[in-house]
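Topology and contacts: notes
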Amino acid sequence: MEESAPVDAGDDRTPLSDPASSRRGAVRTVLAGIVVVVLLTGFTAGGAAMLAAGELPGLPFAVGGAVAQLAAIAIVVTVLRTRSGTGDGSISRSRVASAVAAFVLIRAVLFVTFIGLVLFSLVRVVLGDNWSLLTAGIIGLMLFLLARGARRLTHGLKRTYG
């Protein structure tokens, strides 16, 4: 286990409890983000193709997939920015605070998108189109999982460094 650098009282940095674990977590987040973006490309492209063909059930895939991809990229960038440092085994408290704020914003965007897709699918069901409900449900699950991951990251940062 590496020794953490002592923290200067006037400094913004706090020592990491386990710098190696922090690096592994960042690598896992990057790999998971790449997988999520690649897998959601099919939903986004398929939804856009359906919309181009005039099929409205593709709207949840196109919009939800694009928002989910952007959220995954934002999560990865935020984690990398937060965990980047001087290599001295410490983390910046101001970066932790900005990461928590970014994760809260990401969760809000995912929630608003989910609510919008639910309202869209309910209107389409009333109009007699049940396929929109299915596509909104599938992409809604992806939005939920990303929001849950952002919430776990927020709670982890607050618990450890908050």
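Okay, the overall build of the chain next. Scanning the chain from terminus to terminus reveals four helices and two strands. Each helix and strand of the chain, placed in order from N terminus to C terminus, yields the pattern β-α-α-β-α-α. Taken against the 2.2 N^0.38 rule, which gives 15 Å for 162 residues, the C-alpha radius of gyration of the chain at 19 Å runs more than 25% over that of a compact globule. A buried classification covers 35% of the 162 residues belonging to the chain. In the form shown here, the chain has an accessible surface area of approximately 9,300 Å², with 68% of it arising from carbon and sulfur atoms. Distance from the positive charge centre (15 side chains) to the negative charge centre (9 side chains) of the chain: 7 Å.

This paragraph deals with a positive patch on the surface. There is a patch of like positive charges on the surface, built from Arg-107, Arg-148, Arg-151, Arg-152, Lys-158 and Arg-159. In terms of residue count, helix H4 (residues 131-161) provides more of the positive patch than any other element does, five residues in total. Looking at the element boundaries, Arg-151 is found in helix H4.

Packing of helix H1 (residues 19-52) against helix H2 (residues 59-83) brings their axes to within 7 Å, and their N-to-C directions diverge by 165°. In terms of orientation, H1 and H2 fall into the roughly antiparallel class. Taken as a pair, H1 and H2 cross one another with a handedness that is left-handed. Class assignment of the residues belonging to the contact of H1 with H2 gives a composition of 19 nonpolar, nine polar and one charged.

Moving on, we get to the nonpolar core. One finds Ile-75, Phe-103, Ile-106, Leu-110, Leu-143, Leu-146 and Leu-157 to be the most contacted residues of the largest nonpolar core, which totals 25 residues. Those elements giving two or more residues to this core turn out to be H1, H2, helix H3 (93-126) and H4. Each residue touching Leu-110, except ones within four places of it in the same chain, is listed here: Val-67, Ala-71, Leu-143, Leu-146 and Ala-147.

Further remarks concern the pattern of salt bridges. If charged atoms from side chains of opposite charge come close, those side chains can pair. As enumerated under the stated definition, the model contains one salt bridge in all. Arg-124 is the partner of Asp-129 in a salt bridge, and the nearest nitrogen-oxygen pair spans 3.0 Å. Residue classification places Arg-124 among the buried residues on the basis of a relative accessible area of 18%.

Take the side chain of Thr-78 next. If you trace the backbone, Thr-78 turns up in helix H2. With residues near it in sequence (within four places) discarded, Thr-78 still touches Ala-99, Ala-102 and Phe-103.

For the rest of this paragraph, the subject is the side chain of Thr-135. By the secondary structure assignment, Thr-135 is in helix H4. Among the polar contacts made by the side chain of Thr-135, one reaches the main-chain carbonyl oxygen of Pro-57 at a distance of 2.9 Å. If sequence neighbours within four positions are ignored, Thr-135 has contacts with Pro-57, Pro-60 and Phe-61.

Below, the discussion takes up the packing of aromatic side chains. For any pair of aromatic rings, geometry is given as the distance between the ring centres together with the angle between the planes. For the coordinates displayed, the defined rule picks out one aromatic pair. Plain terms: the ring middles of Phe-43 and Phe-61 are 5.1 Å apart, the flat faces sit at 55° to each other, and that makes the pair tilted. On the criterion of sequence distance, the pair formed by Phe-43 in helix H1 and Phe-61 in helix H2 is long-range, its members being 18 residues apart. Residue Phe-43 is classed as partly exposed on the basis of its relative accessible area, which comes to 23%.

A surface patch of nonpolar side chains, amounting to about 560 Å² of accessible area, comprises Phe-111, Val-112, Phe-114, Ile-115, Leu-119 and Leu-122. Note that Ile-115 resides in helix H3.

Rules and cut-offs
Residues numbered from 1 in each chain as written. Predicted model: local features only at pLDDT ≥ 70, side-chain atom pairs only at ≥ 80, totals over all residues. Heavy atoms only, no water. Helix = DSSP H or I, 4+ residues; strand = E, 2+ residues; numbered from the N terminus. Rg over C-alpha atoms; globule rule 2.2 N^0.38 Å. Buried < 20%, exposed > 50% of the residue type's maximum accessible area, 1.4 Å probe, protein only. Areas by Shrake-Rupley, 256 points an atom, 1.4 Å probe, with all protein chains shown as cover. Lys, Arg positive; Asp, Glu negative; His and termini not counted. Charge placed at Lys NZ, Arg CZ, Asp CG, Glu CD. Patch = residues over 30% accessible without salt bridge, like charges linked within 9 Å, V, L, I, M, F, W, Y side chains within 5 Å. Salt bridge = Lys/Arg side-chain N within 4 Å of Asp/Glu carboxyl O. Axes fitted to C-alpha atoms, helices over the stretch in contact; angles between N-to-C directions. Parallel < 35°, antiparallel > 145°, perpendicular 65-115°, else oblique. Left-handed = near helix turned anticlockwise from the far one by under 90°. Nonpolar A, V, L, I, M, F, W, Y, C, P; charged D, E, K, R; others polar. Core = buried A, V, L, I, M, F, W, Y, C linked by side-chain atoms within 4.5 Å. Contact = heavy atoms within 4.5 Å. Polar contact = N/O pair within 3.5 Å; in protein donor to acceptor, adjacent residues only side chain to side chain. Phe/Tyr/Trp six-rings, centres within 6.5 Å; stacked < 30°, edge-to-face > 60°.

No statement about biological role is implied by the geometric values presented.
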